[in-house]
Amino acid sequence: MPVPEILHPQDAIIRVTRSCICGSDLHLYNGNVPDTRVGTTFGHEFTGVVTELGGDIQKLKVGDHVLVPFNIACGKCVFCKQGLFGNCHESNPQATAVGGIFGYSHMAGGYHGGQAEYVRVPYADVGPTIIPPGMDLDDAVLLTDVVPTGYQAAEMGGIQIGDTVVVFGAGPIGIMAAKCAWLFGAGRVIVIDELDYRLEFAKNYAQCEAYNFRSMKDPVLFIKKITDFLGADVCIDAVGAEATGSLMQSLTGRKLLLQAGSPTALCWAINSVKKGGVVSIVGVYGPTGNFIPIGNVINKGITIRANQASVKRLLPTLIQHVQNGILDPKKLITHRIPLEDVADAYRIFSDKLDECIKPVLITSSSNHSTTQLRDTHHGKIH
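As the structure is a computational prediction, the values presented were derived from the model and not from experiment.

## A few points about the environment of Asp-228
- With respect to the helices, strands and loops of the structure, Asp-228 is situated in the loop between helix H6 (219-225) and strand S11 (232-237).
- Remark: the alpha-carbon pair of Asp-228 and His-106, spanning 122 residues in sequence, is separated by 46 Å.

And the structure:
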């Protein structure tokens, strides 16, 4: 890709130092999100150094090292003023739902992302946040999405002191959601997944219970049994469109694309939450309909809360949590891979190889050499 240029006085050009591959990228990679166009640079989680600024930028200077929220937000529209930076109306004005997102489908504005050496950042006085002195870049890059999304998943759950919280999905977001559930007063946190290595990681990182749904006849019945047949107080869907566990949902949602992904985790969440409970959704689905038990939502009096994380709103709190040692995001990173090996990184992450939890791409302009990166990678790049 060519080095991007300033297109608007509020733009900045960022030389990328860290970028991540996210589970949401896999939805694009595997064809589950419509209008993902050939030639789009993926990547919505990145840090970098400012190399050029548009004439209207006042809060940044060339040379600043910044973390860039995945939301592209103007900061001035009716939704941004409510703190709904994930629903900015200016960055994606032709949409009726999501705002602009770096490196995603054209439904999210068609902006190029950060899995590159350089990226153009619109509204650069709003999103980019200068990385505090002394903060590890690996912590900083996870503040662009993983930490805020996991934190907001717990926040949207409205967790009360002593609540039982069930998180579906032991990827980075689900693990972070489980960790953050304790911050809101949860009395019990349970993670459900199908991969034992991810469940073990979740247990160690989030100090939670972890269970493999493949060992259960019915995950919903299992959750009911361990909650006195009342159900969980809060259920979090941190899986989204590529959930496994139901042949019918996988066939219609992942293979035939007759619905917006496989909502298996969402169905389990709805059916295993207690009456009057809360289901929080941060797993990504496409824009079309899904086969979900809406009758159960109504008859159980369930509250459903969902959104893309409003990163900018949450950053002050989360930066403080990282600086105070309450959250340690970098421990989620299992693989540090050179940007030029991004194809291998996608294969490793998508196929769940080498016990991968979170891969980070390092550009050649950073202070790590390619040789060092290959040495620190858990396995080998072939």
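## So, the side chain of Ser-350
- Tracing the backbone through its elements, the reader meets Ser-350 in helix H11 (residues 342-350).
- Residue Ser-350 is classed as buried on the basis of its relative accessible area of 17%.
- Apart from the residues lying within four places of it in its own chain, the contact partners of Ser-350 are Leu-26, Tyr-29 and Asn-30.

## Notes on helix H10 (residues 311-323)
- Along its 13 residues, H10 runs 17 Å from first to last C-alpha, staying within 8% of the 18 Å computed at 1.5 Å per residue.
- Buried within H10 are the following residues: Val-311, Leu-314, Leu-315, Leu-318, Ile-319, His-321 and Val-322.
- Contacts from the buried residues of H10 go to strand S3 (65-68), strand S4 (71-72), strand S7 (129-130), helix H2 (137-142), helix H3 (146-156) and helix H4 (172-183).

## With respect to the packing of H3 against H4
- At a closest axis distance of 7 Å, the pairing of H3 and H4 adopts a crossing angle of 55°. Regarding the angle of H3 to H4, the classification is oblique. Considering how the two elements wind past one another, H3 and H4 form a crossing that is right-handed. Touching Val-146, Val-147, Thr-149, Gly-150, Tyr-151, Ala-153 and Ala-154 of H3 are Pro-172, Ile-173, Met-176, Ala-177, Cys-180, Ala-181 and Leu-183, all from H4.
- Here the contact of H3 with H4 is composed, by residue class, of twelve nonpolar, two polar and no charged.

## Side note on the packing of H3 against H10
- The geometry of H3 relative to H10 is characterised by a closest axis approach of 10 Å and an angle of 100° between their N-to-C directions. The angle between H3 and H10 places the two elements in the roughly perpendicular class. Here Val-147, Pro-148, Tyr-151, Gln-152 and Glu-155 of H3 lie close against H10, whose contacting residues are Val-311, Arg-313, Leu-314, Thr-317, Leu-318 and His-321.

## Thoughts on the pattern of salt bridges
- Enumeration according to the criterion identifies 17 salt bridges in this entry.
- Between Asp-138 and Arg-336 there is a salt bridge whose closest N-O contact spans 2.9 Å. Here Asp-138, found in helix H2, pairs with Arg-336, found in strand S14 (residues 335-338); they are 198 residues apart in sequence, far enough to count as distant.
- Using a relative accessible area of 6% as the deciding quantity, one classes Asp-138 as buried.
- What makes Arg-336 partly exposed here is its relative accessible area of 23%.
- Of the charged contacts, one joins Glu-209 and Arg-188 as a salt bridge, the two residues approaching to 2.6 Å between their closest N and O atoms. Taken together, the residues span a long stretch of sequence, with Glu-209 in strand S10 (residues 209-212) and Arg-188 in strand S9 (residues 188-193) at a distance of 21 residues.
- Overlapping salt bridges bring together Asp-139, Asp-328, Lys-330 and Lys-331 as one network.

Parameters at a glance
Residues numbered from 1 in each chain as written. Predicted model: local features only at pLDDT ≥ 70, side-chain atom pairs only at ≥ 80, totals over all residues. Heavy atoms only, no water. Helix = DSSP H or I, 4+ residues; strand = E, 2+ residues; numbered from the N terminus. Buried < 20%, exposed > 50% of the residue type's maximum accessible area, 1.4 Å probe, protein only. Contact = heavy atoms within 4.5 Å. Expected span 1.5 Å × (residues − 1). Axes fitted to C-alpha atoms, helices over the stretch in contact; angles between N-to-C directions. Parallel < 35°, antiparallel > 145°, perpendicular 65-115°, else oblique. Left-handed = near helix turned anticlockwise from the far one by under 90°. Nonpolar A, V, L, I, M, F, W, Y, C, P; charged D, E, K, R; others polar. Salt bridge = Lys/Arg side-chain N within 4 Å of Asp/Glu carboxyl O.

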